[in-house]
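Listed here are the chains, written in short residue letters.
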Amino acid sequence: MAKTSKSKRILKIVGGIIIFFTLPTLLFFAFMYLRYNEDLPVGKQGPEADLLAKSMLKALNEEAYLNTDYLEWTFKSRNHYKWYKTDNVCEVSWDAMTVILDLKDSKNSKVFAGEQEYNGKEKQDYIEKALTYFNNDSFWLVAPYKVFDNGTERSIVQTEAGQQALLITYTKGGTTPGDSYLWHFDESGKPKSYQMWVDILPINGLEATWDQWTETESGALLPTTHKLFFLDLDMGAVRGLQIQ
């Protein structure tokens, strides 16, 4: 009986510990879900939506971005990028790994461990990881300039505040096709935030800021940081150069 009593006491303690650490998390998630989760809005496609998208690009000086040959940034002090945009090549670095990522044909990419080129059995895994990092982290840098990418759908949404917002849905391409973003604008027509309906997030309609812009050497306007709730998504020292 003593053994049974001791086992029950241990199970009770373990169960208490599990509840102590998981219950606040579950309650916090439930609060966040009830407070912020939104259904994907229904917008109106057509010329007016395209005009709103073009107005945003004009406010951001899209021509300067298109003429930018080289972009450099660091996402969350972790992943480092040197993107030779004109050549469709990006140097992606994290930890001790560097991938020279061929964005036209990833099979031509090269992998380095430190200073040594790596051709081991995990080479393709590193290439795929670099491509996933690039797709995500470059989106946080240049998403406004991608509203006319192949496979995008553009719609106008009237917000509760009576403002026009631009809903972009990516039907193909990237790492998670099907994601949607609702852009909100400031008085100058530049993006100030977007709401996200994306597979990677468990809550629909979460909003992240796009209001900390810098004008790079090439004239392109790019964000330096974003806020998502209490998280700061820092973009590091953002650079954009016209070198050709």
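Please refer to the structure placed before this passage.
No experiment lies behind these values; they were computed from the predicted model shown. (Residues numbered from 1 in each chain as written. Predicted model: local features only at pLDDT ≥ 70, side-chain atom pairs only at ≥ 80, totals over all residues. Heavy atoms only, no water.)

*Asks:* How would you summarise helix 4 (residues 123–142) if you had to cite specific residues and measurements?
*Replies:* With 20 residues, helix 4 ought to run about 28 Å at 1.5 Å a step, and its terminal C-alpha atoms sit 28 Å apart, in line with that. Those residues of helix 4 that sit buried are I127, A130, F134, D137, S138, F139, W140, L141 and V142. (Helix = DSSP H or I, 4+ residues; strand = E, 2+ residues; numbered from the N terminus. Expected span 1.5 Å × (residues − 1). Buried < 20%, exposed > 50% of the residue type's maximum accessible area, 1.4 Å probe, protein only.)

*Asks:* Tell me about the sheet that holds strand 4 (residues 89–94), and name the residues and values.
*Replies:* Pairing within the open sheet is antiparallel, and its seven strands lie in the order 7-6-5-4-3-2-16. Strands at the two margins of the open sheet, each flanked by one partner only, are strand 7 (116–117) and strand 16 (239–241). Sheet topology note: the strand 2 (residues 70–75)/strand 16 ladder contains three bridges and is antiparallel. Across the sheet, the residue bridging to L71 is G240, located in strand 16. Sheet strands in contact with helix 4 are strand 2, strand 3 (79–84), strand 4, strand 5 (97–102) and strand 6 (110–113), and its direction is about 100° off that of strand 2. (Pairing = 2+ DSSP bridges. Contact = heavy atoms within 4.5 Å. Axes fitted to C-alpha atoms, helices over the stretch in contact; angles between N-to-C directions.)

*Asks:* Break down the nonpolar core for me, with residues and values.
*Replies:* In terms of nonpolar packing, the biggest core is built from 51 residues, with W73, W140, W183, Y194 and M196 touching the most fellow members. Ignoring sequence-local partners within four residues, the contact set of W73 consists of N79, H80, Y81, W83, F134, D137, S138, L141, M235, A237 and V238. Of all hydrophobic cores here, the second largest spans five residues; its members include V157, A165, L167 and L182. (Core = buried A, V, L, I, M, F, W, Y, C linked by side-chain atoms within 4.5 Å.)

*Asks:* Any details on the packing of aromatic side chains? Residues and values, ideally.
*Replies:* Following the criterion strictly, the structure yields 18 aromatic pairs and no others. Plain terms: the ring middles of Y70 and Y84 are 5.1 Å apart, the flat faces sit at 55° to each other, and that makes the pair tilted. Within this pair, whereas Y70 is found in strand 2, its partner Y84 is found in strand 3, the two being separated by 14 residues in sequence. Assessed through its relative accessible area of 8%, Y70 is described here as buried. The rings of F139, W140, Y170, Y181, W183, Y194, W210 and W213 are connected pair by pair, giving a single aromatic cluster. (Phe/Tyr/Trp six-rings, centres within 6.5 Å; stacked < 30°, edge-to-face > 60°.)

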